[in-house]
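So you can see what is in the structure, the chains are spelled out below.
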Amino acid sequence: MVQGGTGLIQTPTARMQEAGDLYLNYTDNGEYRFWSVNLQLFDWMQATARYTDVRTRLYSNVDSFSGDQTLKDKGLDVKFRLWEESYYMPDISLGFRDFGGTGFFESEYVVASKSVGPLDFHLGLGWGYMGSADDFTNPFCEFKDSFCERPLGYSGLGGKVDYDQFFKGKMAVYGGVEYQTPWEPLTLKLEWEGNTYEFDRAGELEQDTRLNVGAVYKWNGFDFSLNYQRGNTVGFGVSYKFNLNTMSQIKIDEPPRNLMDKKPPETLSEIDGNALFRGLIKDASFILTDVDIQEEKAIFYGYQNAYRDNDEAIERTGRVLASELPDSVKTYHVVEAKGGLPMVENVIDAEAFIAAARYESLDADIRDTWYRKNPDEALRDDYAPAASSGFFHSADLFWTQTFGSPEDFYLYQTGVIFTAGYAFNENWSVIGGLSATVLDNFDKFNFTVDKEDTPLPRVRTLVREYVTNNRFSVDTAFLNWKDQLSDEWFGQAYAGYLERMFAGVGGEILYRPVDSRVAYGIDINYVKQRDFDDQFSFLDYDTFTGHASVYWQPEFLPDTQITASVGQFLAGDRGVNIDFAKRFDSGVIVGAYAAFTDVSSEDYGEGSFTKGFYLSIPLDLFLLEPAKGRGMFPWIPISRDGGQLLRRPVRLIDFTEPRSPFYN
């Protein structure tokens, strides 16, 4: 892994990994150390996030502020495959290195790779950092003079994408060859690079030759690399790979109920209600909340408690119903409800289902025996759950982290959030959350700008005060109303302490058809900033914030959800927040977001605009039994005040998740 991406030693190749491959990398190249994560999002797209430690520079120009911290830099790379290798043609890829950071290694490249037996040949053209050898005149310069020169130096506050520099200035040829030795774990590499190291952030580096040599040894998911660069520098690294599609956990679980020897009751009066109720829980983890059994039609309301896969959940539920109901019942209606509201109706053709479960036809697919639909108004009105009111509670872990601060490279906070509430009925409830910090090192975080004039209201940069002032925090305490307004429209209103930093009132409406790839929503909120010293008092700042949002699962990007939210943010700035989430077969979701507003990069400060990444992991990847629930692990490189969303405690897109599952 070259600086985290697929490549030779210092240069990338056209090669891609298997979709879902995730590499965790550490590389040491003398003046630089790299920590990186490389992810193969699709067969044709690879992305890398990287932290660089520059050993020859301090964190800042102020020694007392830098302390012992050396300079750290964040970088993002992306590579796209333009052409897939065939018998005669090579792989061809286009890539952008360090395009979203301060530009330490900013480069663009086009590269081809072709395998011949145990040899893999690579030839590319590089611009920017990879093209400083200036082997020949940039051909784009012939068309437009602005392509002839590329500004030197680094991008100041960082975070901006320097589109105006792409493919400009010097360019160079690079390439090399990899040899897969007869000993399978060992690969040898020879590389010719296009960089001369004249303008490095670490200072001008001595280069005796543009040739680099190296070797990679593979063992149990690890890649160990050793190389000799520039004719004077020894480098080494280690990578660990696993695949997000194939991640799994062995489960101790009963198989679905067998219908080969089923002996159902003859009439409705012979149904054993206790056996039916226990069977739904034990064999299908379906918690029954209401039921209506008629001669030819049976309706079961409830919610799924363990199985993330909807097809598996419905098949298990159908098998229990088929074994406990008489054959006179022709259709089973399994209605999944949430928060007292029916969300989706699964209609099972009983005869076809039983035939498929008994393998009476070789080409029968049991998943074709049911379909999903929107619960109609009559079905919603007939829903009378046994317990529409009462207390509820839960406990979850939380994790807050930040990288690259001068006080310490890694700051973290972890603890437990206790949530409890009371539902008055299916519409009204009161909910509260208390967080308790168990471990943290935010006491090292001592940098403040309290006495400085800041161009934006301090809506997020007071995080140190909120995190360190209270070991126990009242995160939320609010009244909530929600309802299904019509067949495909939902609404809610809320008031109280909405998040750790803000309280207020707000409302939301959402349009979400069943199994639609698109949903639309609008939220409007008036909020006031909470005091970090006294959790039940307020600061002087208040504002309106709200967004119109589109949630889209595009067909041409499988297992992907894109969210665009346009409106006003907490600091009064206006713009759009884009969220991109990719789900893998294991259920793991990798996401990234960025907010682009009318705040200038100078007013925003370091980072230039709000952005972040997150990893959402299903809990059942760590358990021996099926389970629902997720853990969220965020990474926010730099948190500033522009482009900040209100962290609403309840979002309708999450509440209505069963209607078009993505976070299943």
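About the thresholds
- Residues numbered from 1 in each chain as written.
- Predicted model: local features only at pLDDT ≥ 70, side-chain atom pairs only at ≥ 80, totals over all residues.
- Heavy atoms only, no water.
- Buried < 20%, exposed > 50% of the residue type's maximum accessible area, 1.4 Å probe, protein only.
- Helix = DSSP H or I, 4+ residues; strand = E, 2+ residues; numbered from the N terminus.
- Pairing = 2+ DSSP bridges.
- Axes fitted to C-alpha atoms, helices over the stretch in contact; angles between N-to-C directions.
- Contact = heavy atoms within 4.5 Å.
- Expected span 1.5 Å × (residues − 1).
- Arc of directions from axis to C-beta.
- Polar contact = N/O pair within 3.5 Å; in protein donor to acceptor, adjacent residues only side chain to side chain.
- Phe/Tyr/Trp six-rings, centres within 6.5 Å; stacked < 30°, edge-to-face > 60°.
- Lys NZ or Arg CZ within 6 Å of the ring centre and 35° of its normal.
- Salt bridge = Lys/Arg side-chain N within 4 Å of Asp/Glu carboxyl O.

Visitor: Help me get a handle on the pairing of strand S2 (residues 32-42), residues and values and all.
Guide: The element S2 is largely enclosed, with a buried count of eight among its eleven residues. Looking at chain direction, strand S1 (residues 21-29) and S2 are connected through eight bridges and run antiparallel. Note on S2: the bridge partner recorded for aspartate 28 is arginine 33. Connecting the antiparallel pair S1 and S2 is a turn made up of two residues, with glycine 30 showing a positive phi of about 70°. Pairing of S2 with strand S3 (residues 45-58) involves ten bridges; the strand directions are antiparallel. Its bridge partner being in S3, glutamine 40 is matched across the sheet by glutamine 46. Adjacent in sequence and paired antiparallel, S2 and S3 are bridged by two residues.

Visitor: Help me get a handle on the sheet that holds strand S17 (residues 370-373), residues and values and all.
Guide: Across the sheet, which stays open at both edges, the five strands sit in the order S13-S14-S15-S16-S17 with mixed pairing between neighbours. Where the open sheet ends on each side, the last strands, each with one partner, are strand S13 (286-293) and S17. Each strand axis lies, on average, 25° off the axis of its neighbour in the sheet, ignoring direction. Sheet analysis places S13 next to strand S14 (residues 297-304), joined by seven bridges and oriented antiparallel. Along S14, the bridge assignment pairs isoleucine 287 with tyrosine 303. Together, S13 and S14 form the strand contacts of helix H2 (residues 273-284), whose direction differs from that of S13 by roughly 145°. Against the sheet, helix H4 (residues 350-357) contacts strand S15 (331-338), strand S16 (341-349) and S17, and its axis sits at roughly 65° relative to S16.

Visitor: So, H2: which residues are in play, and what are the values?
Guide: Side chains of residues three or four places apart in an α-helix project in the same direction, reflecting 3.6 residues per turn. For H2, with twelve residues, the first-to-last C-alpha span of 16 Å sits near the 16 Å given by 1.5 Å per residue. Among the residues making up H2, those that are buried are Ala275, Leu276, Gly279, Leu280, Asp283 and Ala284. Buried positions in H2, seen along its axis, are confined to an arc of 135° and lie on one side of it. Within H2, the exposed residues directed more than 90 degrees away from the buried face are Asn274, Arg278 and Lys282. Where H2 is buried, its residues meet S13, S14 and helix H3 (310-324). By the N-cap criterion, in which a side-chain oxygen at the helix start approaches the backbone nitrogen of a residue two or three places on, H2 is capped by aspartate 272, the distance to asparagine 274 being 3.2 Å. Directly beyond the C-terminal end of H2, a positive phi value near 55° is found at serine 285.

Visitor: Just give me the short version of the packing of aromatic side chains, but keep the residues and values in it.
Guide: What characterises a pair of aromatic rings is the spacing of the ring centres plus the angle enclosed by the ring planes. The tally for this structure, following the rule as stated, stands at 35 aromatic pairs. Measuring from ring centre to ring centre gives 5.5 Å for tryptophan 183 and tyrosine 217, while their planes differ by 45°; the resulting arrangement is tilted. Here tryptophan 183, found in the loop between strand S8 (171-180) and strand S9 (186-192), pairs with tyrosine 217, found in strand S10 (residues 211-219); they are 34 residues apart in sequence, far enough to count as distant. On the basis of relative accessible area, tyrosine 217 is assigned to the partly exposed category, the value being 30%. Within the aromatic cluster, the residues linked to one another by ring pairs are Tyr32, Phe34, Phe104, Phe105, Tyr129 and Tyr197. Across from the ring centre of phenylalanine 147, 5.8 Å away, lies the NZ or CZ of lysine 168, which sits over that ring. Seen from the ring of phenylalanine 584, lysine 582 lies directly overhead, with NZ or CZ sitting 5.5 Å from the centre.

Visitor: Provide a residue-level description of the pattern of salt bridges, including the pertinent values.
Guide: Here the idea is simple: oppositely charged side chains can pair when their charged atoms come close. This model, assessed by the stated rule, comprises 32 salt bridges. Between arginine 257 and aspartate 283 there is a salt bridge, with its nearest N and O atoms 2.8 Å apart. Here arginine 257 is found in the loop between strand S12 (233-243) and H2, whereas its partner aspartate 283 is found in helix H2, with 26 residues between them in sequence. Here arginine 257 falls in the partly exposed class, since its relative accessible area comes to 21%. We classify aspartate 283 as buried; its relative accessible area is 9%.

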